[in-house]
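Report on the structure
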Amino acid sequence: MKTRPHTLSLKPQTTKLQTNSCFGLVALLLSACDISYEPLVYPDADSASAQLYQAKCAKCHNAPQPHAHTAQAWPAILHRMQMRMITKGATPLNKSELNAVLDYLQRYAAPAGSK
Ligand code: HEC
């Protein structure tokens with residue numbers, strides 16, 4: 001007779017504990033996200049070239065903003081990255097992808113002489 005009420009009173013406690021630890025985990029994950037990631041918003045983000053840029057250039061690191069470098073500097077950087085992809089055994093950009101990405105980066109690049 002004594003066991004039954006005891007079992008009944010345990011149940012809500014267990015449920016409460018699970019709810020709390022679940023909430024704690026979610027809160028932890030959310031706070032971890034806040035610390036690690038600044039959402040990167042790229043210019044003309046919905047365009048095909050911006051999408052291509054993010055698909056190809058965010059594999060090893062975050063894709064830098066186009067304004068991180070001048071239009072004059074981008075070709076050499078792209079060349080260096082192509083070499084990195086080849087070294088890593090990844091497929092480098094083909095000619096038309098390379099042109100589209102270079103065009104995109106140069107369109108929104110930092111003004112000449114500013115970097
Ligand atoms: C195979 C992996 C890989 C891919 C794919 C890759 N990168 Fe990189 N990237 C690196 C490594 C490693 C470094 C650091 C060493 C260096 O600067 O070369 C780097 C550095 C950079 C830097 C220098 C950091 C800075 O802001 O000055 C830029 C810019 C850059 N990458 C742009 C690109 C672009 C644009 C693409 C797409 C065409 C790209 N990366 C694709 C590996 C990669």
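Before any of the text, the structure's been laid out above.
A brief report on the enclosed structure follows. (Residues numbered from 1 in each chain as written. Predicted model: local features only at pLDDT ≥ 70, side-chain atom pairs only at ≥ 80, totals over all residues.)

**Observations regarding the site of the ligand**
Our working rule: Any residue whose C-beta atom, as placed from the backbone, lies within 6 Å of a molecule or strand is termed near it. Counting from the N terminus, the helices are DSSP H or I runs at least four residues long and the strands are E runs at least two residues long.
Neighbouring the ligand are 17 residues, the closest being Cys 57, Lys 59, Cys 60, Met 81 and Lys 88. Sorting the residues of the shell around the ligand by element identifies helix H2 (48-57) and helix H3 (74-87) as the ones contributing at least two each. Sorting elements by how many residues they give to the shell around the ligand places H3 first, with six residues.

**Topic: the nonpolar core**
Soluble globular proteins: nonpolar side chains tend toward being buried together. Defined as follows: Nonpolar cores are built from buried Ala, Val, Leu, Ile, Met, Phe, Trp, Tyr and Cys residues. These are joined into a set through C-beta atoms within 7 Å. Put simply, a residue is buried when 20 or more other C-beta atoms lie within 10 Å of its own C-beta and exposed when 12 or fewer do; between those, it is partly exposed, and each C-beta is set from the backbone. It is the C-beta atoms, placed from the backbone, that decide contacts: two residues are in contact if theirs lie within 7 Å.
Core analysis: the biggest nonpolar cluster contains seven residues, these being Tyr 53, Trp 74, Val 101, Leu 102, Tyr 104, Leu 105 and Ala 109. No other element matches helix H4 (residues 95-107), which puts four residues into this core. The residues touching Trp 74, leaving out its near neighbours within four places in the chain, are His 69, Leu 102, Leu 105, Gln 106 and Ala 109.

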